[in-house]
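What follows is the residue order along each chain.
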Amino acid sequence: MGSIELVCPAGSPAMLKAAVEAGADSVYCGLRDETNARNFPGLNFSPEELAQAATWAHARGRKLLVAVNTFARAGQSARWRASVDAAATSGADAVILADLGLLAYARERWPDLRLHLSVQAAAGSPEAVRFYAQAYGVRRIVLPRVLSVQEVAALVRETEAETEAFVFGGLCVMAEGRCALSSYAARRSPNLCGVCSPPEAVSYTEEDEGLVSRLAGFALDQYAPGEKAGYPTLCKGRFEARGLLSYLFEDPVSLNAMSLLAGLKAAGVTAVKIEGRQRGKAYVARVAGAFRQAIDALDSGGDPQAFAPLLTDLAEGGRETAGAYRKLWR
């Protein structure tokens, strides 16, 4: 069994270089528009930068993956097709898609372009994976973040497509409707525009009861003095229901599945993926370096979990979880 491929984020050319120099095998990025799900000011690549990045990565034996992973809007699909074209002509090694129409376009227009299926497509069953592979020639599936390690292993046994699993970073499921909450408040859909909780809609105010975080004027959380304040997104806000104050939809914690690398490798996972294109180059360098050491240790018979503490202070809200991989609630 070969080594697991390490796939790292790049929100900028500088971040791409930092990821590769820290040990990434592949780097994924997006164009500077709403065709990718991290469409924030100051991030992403122009078509020219994308071509330069592909050349730079290939010269070092690394791969460049381009995310065109939002859903095209009716009457405006030419913008999304243009992003697929830009990825193909840049020399990228693969394009990551979720939209069925774009998958069909990419396969017809660029038959030699390698296609990966975005996590947003939520292909979590062998039947779904086979459909995408047979209908569109998809070569790799980015697995939904709702599967246990045992479920991942069962899926891999019944499919021939490569699989890629998230192992670190923000824990956004993105396929179960919760992103729609953000569009109601901020009037911009993460799934269509690539923007969740746009910075201009975020505010923090000191009030009598403590620090209050808001999105587009909606109070989402309240923090006691000295308590760490998270970034306000609706799905991770604290709400009162039936007299109980809790995170109803999703806890504001970070995924760290480094301790499960051995299980994911045994399950047959092709690649592991780091989330965080909106972070800085120092962040991606640290995470890539730690996971490079962990994967190398696994390959040589060592314990990858020994490197997990290197990243604890990067966790959202100061807390980590293994997410659905362990599914302790079962």
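It is worth spelling out unusual backbone geometry at this point. A positive phi angle, close to 55°, is found at Ala-122, a residue other than glycine. Structurally, Ala-122 is set in the loop between β5 (115-117) and α5 (126-136). Its identity is not glycine, yet Arg-242 carries a phi of approximately 55°, on the positive side. By the secondary structure assignment, Arg-242 is in the loop between β11 (239-241) and β12 (244-246).

The next thing to look at is the environment of Pro-111. Mapped onto the secondary structure, Pro-111 falls in the loop between α4 (100-109) and β5. Taking the C-alpha atoms as reference points, Pro-111 and Gly-137, 26 residues apart in sequence, are found 9.0 Å from one another.

Here we take up the pairing of strand β7 (residues 162-170). For β7, a buried count of 8 out of 9 residues is recorded, marking the element as mostly surrounded by other parts of the structure. Between strand β6 (residues 140-142) and its parallel partner β7, the chain crosses via helix α6 (residues 149-157), and the hand of that crossover is right-handed. Bridge count between β7 and strand β14 (residues 271-274): 4 bridges; the pairing is parallel. The residue of β14 that forms the bridge with Phe-168 is Ile-274.

According to the stated counting rule, one finds 0 disulfides in the structure shown. Left unpaired, Cys-8 is separated from the closest cysteine sulfur, that of Cys-29, by 13 Å.

Take helix α1 (residues 13-22) next. Along α1, the residues classified as buried are Met-15, Leu-16, Ala-18, Ala-19, Val-20 and Ala-22. Taken together, the buried residues of α1 touch β1 (5-9), β2 (26-29), α2 (47-59), β3 (63-68) and α10 (281-299). Downstream of α1 by one or two residues, Gly-23 has phi in the positive range, about 125°.

Turning next to the packing of α1 against α2. Put simply, α1 and α2 touch, their axes get as near as 11 Å, and they point 15° apart. Taken together, the axes of α1 and α2 lie roughly parallel to each other. Considering only the axes of α1 and α2, their crossing is right-handed. Taking contact as the criterion, the partners of Pro-13, Leu-16, Lys-17, Val-20 and Glu-21 in α1 are, on α2, Glu-49, Ala-53 and Trp-56. Considering only residue class, the contact of α1 with α2 consists of 5 nonpolar, no polar and 3 charged.

Here we take up the sheet that holds strand β9 (residues 210-215). What the 3 strands build is an open sheet, ordered β8-β9-β10; its pairing is antiparallel. Looking at the sheet topology across the chains shown, the edges are occupied by β8 (202-207) and β10 (218-223). Sheet twist, expressed as the mean angle between neighbouring strand axes with direction ignored, is 25°. Bridge count between β9 and β10: 5 bridges; the pairing is antiparallel. Bridging from a neighbouring strand, Leu-215 pairs with Phe-218 of β10.

With respect to the element layout, Leu-43 can be found in the loop between β2 and α2. Along the chain, Leu-43 and Ser-12 lie 31 residues apart, while their C-alpha atoms are 5.8 Å from each other.

Scanning all chains against the criterion turns up 18 salt bridges. Residue Asp-25 pairs with Arg-292 through a salt bridge whose shortest N-O separation is 3.1 Å. Here Asp-25 is found in the loop between α1 and β2, whereas its partner Arg-292 is found in helix α10, with 267 residues between them in sequence. Residue Asp-25 is classed as partly exposed on the basis of its relative accessible area, which comes to 24%. For the salt bridge of Lys-265 with Asp-299, the shortest nitrogen-to-oxygen distance reads 2.9 Å.

Within the structure shown, the criterion is met by 5 aromatic pairs. Ring plane angle 35° and centroid distance 6.4 Å describe the contact between Tyr-132 and Tyr-136, whose orientation is recorded as tilted. With Tyr-132 and Tyr-136 both in helix α5 and 4 residues apart, the pair spans about one turn of that helix. Tyr-136 shares its class with Tyr-132; the two are buried.

A separate point is empty space enclosed by the protein. A complete count under the given rule lists 3 cavities of 30 Å³ or more for this structure. Considering the residues around the largest cavity, the lining is formed by 17 residues, among which Tyr-28, Asn-69, Phe-166, Lys-273 and Arg-277 are closest to the centre. Grouping the amino acids of the lining of the largest cavity by side-chain chemistry returns 8 nonpolar, 4 polar and 5 charged.

Conventions adopted
Residues numbered from 1 in each chain as written. Predicted model: local features only at pLDDT ≥ 70, side-chain atom pairs only at ≥ 80, totals over all residues. Heavy atoms only, no water. Helix = DSSP H or I, 4+ residues; strand = E, 2+ residues; numbered from the N terminus. Buried < 20%, exposed > 50% of the residue type's maximum accessible area, 1.4 Å probe, protein only. Right-handed = clockwise from strand over helix to strand, strands pointing away. Pairing = 2+ DSSP bridges. Disulfide = S-S within 2.5 Å. Contact = heavy atoms within 4.5 Å. Axes fitted to C-alpha atoms, helices over the stretch in contact; angles between N-to-C directions. Parallel < 35°, antiparallel > 145°, perpendicular 65-115°, else oblique. Left-handed = near helix turned anticlockwise from the far one by under 90°. Nonpolar A, V, L, I, M, F, W, Y, C, P; charged D, E, K, R; others polar. Salt bridge = Lys/Arg side-chain N within 4 Å of Asp/Glu carboxyl O. Phe/Tyr/Trp six-rings, centres within 6.5 Å; stacked < 30°, edge-to-face > 60°. 1 Å grid on protein atoms, 1.4 Å probe; cavity = no way out; pocket = protein on both sides within 12 Å on 5 of 7 lines; lining within 4 Å. Points joined across faces, edges and corners; volume = space filled by probe spheres on them.

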